[in-house]
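Residue-level structural notes
In case you want the letters, here they are:
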Amino acid sequence: MVDVNAKISLYDGVSPEVLRDISMWDFFTKTSEKLKGQVEAIRKADREVAKKLKSSLPSVTVSGTFGGTRGIANLKQHSGFICIDIDDINDVENIKDILVDKFNFVVLAGKSVSGNGVFCVVAVDDKCTGKTHSNYFDYIKSEIEGVRGIKCDKSCRDVSRLRFYSYDERLVGWGQTVTPVSWESVEAMIKGEEAKRVEKRELVGNGDSDDRRFKALLQVIDSFGIDITSDRADWVKIGSAIANKYGEAGYDYFRQISSYYEGFKEGECRKQYNSFLRGKYDVSIGTIFYIADSYGVRLNG
């Protein structure tokens, strides 16, 4: 059962301070004619002007209410909704229809502020909290990305992610029967991934301390969505170190770390890792810990 009266927090643009709490119903019904002029002006403006205009729109945290400033530590109550962003697509109208027709957990799909993307609001069950939000997001992302050509913005993994009000003359999905994503489905995904990790450890892990620390580092990077590859030289060192230690089986690790880079491209990532496998680079796994530390990513102990 979807609760359209669930509370979310309203903000003035990008301000971190909560204005007040409103209902999801308020958000759904205002994402329409009231903002048409403002949003259409953004869609016609050049990139820099559009960015400035967008920041003046009202915004909400779709996934819940927050006390004081926005941030996971200040989450008061999860709303039972997660918003998914799909950016830079050509066929916006078709993607909206696909999301609603294919996935019974989608409550609403509409055109993003830019006009070149789609946002969709997904219902989740009451087991979704600040701690489990990222697990639910990972499940939703894996399901939606099963449709060829669709890539979800990983930033929505953050429970405090802002969603700007938009305008769409054809919102789809509103009023249809929805089945919230269940914890049972999410848990099954988690167990499946853990089984794969265990299998991989048996194949490539030697159980040494560097291996354990590296896996722990991956968990930290994944939990917070941190990019430690923005400097290409660091990216090359990271890939070389992984290739040296894990060989071909290490590609998934390299891809996992690389995927948080804003300009990540799967093909380039695979091509680069192949070059590391062919080359002889004197780089150890310890280099990755050093690079991560420079980005503020540290392990205790």
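Criteria and thresholds
- Residues numbered from 1 in each chain as written.
- Predicted model: local features only at pLDDT ≥ 70, side-chain atom pairs only at ≥ 80, totals over all residues.
- Heavy atoms only, no water.
- Axes fitted to C-alpha atoms, helices over the stretch in contact; angles between N-to-C directions.
- Helix = DSSP H or I, 4+ residues; strand = E, 2+ residues; numbered from the N terminus.
- Parallel < 35°, antiparallel > 145°, perpendicular 65-115°, else oblique.
- Left-handed = near helix turned anticlockwise from the far one by under 90°.
- Contact = heavy atoms within 4.5 Å.
- Nonpolar A, V, L, I, M, F, W, Y, C, P; charged D, E, K, R; others polar.
- Core = buried A, V, L, I, M, F, W, Y, C linked by side-chain atoms within 4.5 Å.
- Buried < 20%, exposed > 50% of the residue type's maximum accessible area, 1.4 Å probe, protein only.
- Pairing = 2+ DSSP bridges.
- Arc of directions from axis to C-beta.
- Phe/Tyr/Trp six-rings, centres within 6.5 Å; stacked < 30°, edge-to-face > 60°.
- Lys NZ or Arg CZ within 6 Å of the ring centre and 35° of its normal.
- 1 Å grid on protein atoms, 1.4 Å probe; cavity = no way out; pocket = protein on both sides within 12 Å on 5 of 7 lines; lining within 4 Å.
- Points joined across faces, edges and corners; volume = space filled by probe spheres on them.

1. Things to note about the packing of helix H8 (residues 232–246) against helix H11 (residues 286–294)
Geometrically, a packed helix pair is captured by the angle between its two axes and the distance between the axes. Between H8 and H11, the shortest axis-to-axis distance is 8 Å and the interhelical angle comes to 150 degrees. The angle between H8 and H11 places the two elements in the roughly antiparallel class. Taken as a pair, H8 and H11 cross one another with a handedness that is left-handed. Residues Asp 234, Lys 237, Ile 238, Ala 241 and Ile 242 of H8 form the contact with H11, whose own contacting residues are Thr 287, Ile 288 and Ile 291. Partitioned by chemical class, the residues of the contact of H8 with H11 number five nonpolar, one polar and two charged.

2. Overview of the nonpolar core
Ile 84, Ile 140, Ile 144 and Val 181 are the most contacted members of the largest nonpolar core, which has 30 residues in total. Counting only elements with at least two residues in this core, the list comes to strand S6 (81–86), helix H4 (92–102), strand S7 (106–111), strand S8 (118–123), helix H5 (133–144) and helix H6 (183–204). With five residues, H5 is the largest single contributor of residues to this core. Leaving out residues up to four positions away in the same chain, Ile 140 has contacts with Ile 82, Ile 84, Phe 105, Val 122, Val 124 and Val 181.

3. Focus on the environment of Gly 192
Assignment of secondary structure puts Gly 192 in helix H6. For the pair Gly 192 and Gly 267, spaced 75 residues apart in the sequence, the C-alpha separation amounts to 26 Å.

4. Structural notes on the sheet that holds strand S9 (residues 163–164)
Pairing is antiparallel across the open sheet formed by four strands, whose spatial order is S2-S1-S3-S9. Lying at the two open borders of the sheet, with one neighbouring strand each, are strand S2 (18–23) and S9. Note: strand S1 (residues 7–12) against strand S3 (residues 58–61), four bridges, orientation antiparallel. From the neighbouring strand, Asp 12 faces S3, where its bridge partner is Pro 58.

5. With respect to H4
Turning to H4, its buried residues number three or more, namely Val 92, Ile 95, Lys 96, Leu 99 and Val 100. Seen along its axis, H4 keeps its buried residues to an arc of 130 degrees; they face one direction. Among the exposed residues of H4, those pointing more than 90 degrees away from its buried face are Asp 101 and Lys 102. Structurally, H4 contributes buried residues whose contacts are with S6, S7, S8 and H5.

6. Digging into unusual backbone geometry
Phi angles above zero are rare outside glycine, and Asp 88 is one such case at about 50 degrees. With respect to the helices, strands and loops of the structure, Asp 88 is situated in the loop between S6 and H4. Note on Asp 88: relative accessible area 71%, which makes it exposed.

7. A word on the pairing of S7
With six of six residues buried, S7 is to be regarded as a mostly interior element. Sheet analysis places S7 next to S8, joined by five bridges and oriented antiparallel. Considered in S8, the bridge of Leu 108 is made with Val 121. Hairpin remark: S7 followed by S8, antiparallel, with six residues in the connecting loop; positive phi at Gly 115, about 90 degrees.

8. Topic: the packing of aromatic side chains
Applying the stated criterion across every chain yields a total of 13 aromatic pairs. When the ring of Trp 235 is compared with that of Phe 254, the centres are 5.4 Å apart and the planes differ by 25 degrees; the resulting orientation is stacked. On the criterion of sequence distance, the pair formed by Trp 235 in helix H8 and Phe 254 in helix H9 (residues 251–258) is long-range, its members being 19 residues apart. Judged by relative accessible area, which is 8%, Trp 235 ranks as buried. One aromatic cluster in this structure is built from Trp 235, Tyr 251, Phe 254, Tyr 273 and Phe 276. Against the face of Tyr 11 rests Arg 70, its NZ or CZ located 5.3 Å from the ring centre. Directly above the aromatic system of Phe 289 lies the positively charged group of Arg 213, at a separation of 4.1 Å from the ring centroid.

9. Observations regarding empty space enclosed by the protein
Scanning all chains against the criterion turns up one cavity of 30 Å³ or more. Taken as a whole, the largest cavity encloses approximately 90 Å³ of empty space. Forming the walls of the largest cavity are Val 62, Ser 63, Ile 82, Cys 83, Asp 85, His 133, Cys 156, Asp 158, Val 159, Arg 161, Leu 162 and Arg 163. It is S6 that contributes the most residues to the lining of the largest cavity, three residues altogether. A class-by-class count of the residues in the lining of the largest cavity yields six nonpolar, two polar and four charged.

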